[in-house]
Amino acid sequence: MRDVSHKRHLAKTVTWRVIGTIDTIVLSWFITGNPLMGLKIGMAEVVTKMVLYYLHERIWFKINLSKAGVVIQSRKRHFAKSITWRGVGTLDTMLLSWFITGNPFTGLKIGVSELLTKMILYYFHERIWYRIDYGLMSRK
């Protein structure tokens, strides 16, 4: 297994948050019809999502998904990480959107819309970071 530093996880957290926030702002603006509402929802997520994402990264780093000593293929692991992160992220988005707009259905619409866009974006984010050596002490 690769040695991973906290710097790497922090860098991944920041890059993903930039991508995720832009996606949330655009989707929220489109769904509410109000650019200010989209900005409010996107900015509210910055702190909660960075904390949740960092914790998600740390948990997945500690999970050993191996079968008889053979590490699960990176694409499958990245897909599984995408699914678990999307569950956490969507719940956070729905609750924040509901709180900010005062409408549970708006929160639900924004959360459901994010499911597809964020899953695709997150998968590619994981694939790109898999090829980057930043924060790795060694790569096997």
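Because the structure is a prediction, the values reported are computed rather than measured.

When helices and strands are counted, the protein shows four helices and two strands. Going from N to C terminus, the protein has its helices and strands arranged as α-α-β-β-α-α. A burial count over the protein gives 36% of its 140 residues as buried. The contacts of the protein with a sequence gap of at least 6 include a subset with a gap of at least 24, amounting to 77%.

Taken as a whole and judged by the stated rule, the model has 10 salt bridges. The shortest N-O distance in the salt bridge between Lys118 and Asp23 comes to 2.8 Å. Pair noted here: Lys118 is in helix H4 (residues 104-130) and Asp23 is in helix H1 (residues 6-32), with a separation of 95 residues, a long-range link. With a shortest N-O distance of 3.2 Å, Glu114 and Arg86 are connected by a salt bridge. Placement of Glu114 in helix H4 and of Arg86 in helix H3 (residues 74-101) is noted, with a sequence separation of 28 residues between them. Under the relative-accessibility criterion, Arg86 is labelled buried at 3%. One continuous salt-bridge network, built from bridges that share partners, spans Lys12, Glu57, Lys81 and Glu126.

Thresholds applied
- Residues numbered from 1 in each chain as written.
- Predicted model: local features only at pLDDT ≥ 70, side-chain atom pairs only at ≥ 80, totals over all residues.
- Heavy atoms only, no water.
- Helix = DSSP H or I, 4+ residues; strand = E, 2+ residues; numbered from the N terminus.
- Buried < 20%, exposed > 50% of the residue type's maximum accessible area, 1.4 Å probe, protein only.
- Contact = heavy atoms within 4.5 Å.
- Salt bridge = Lys/Arg side-chain N within 4 Å of Asp/Glu carboxyl O.

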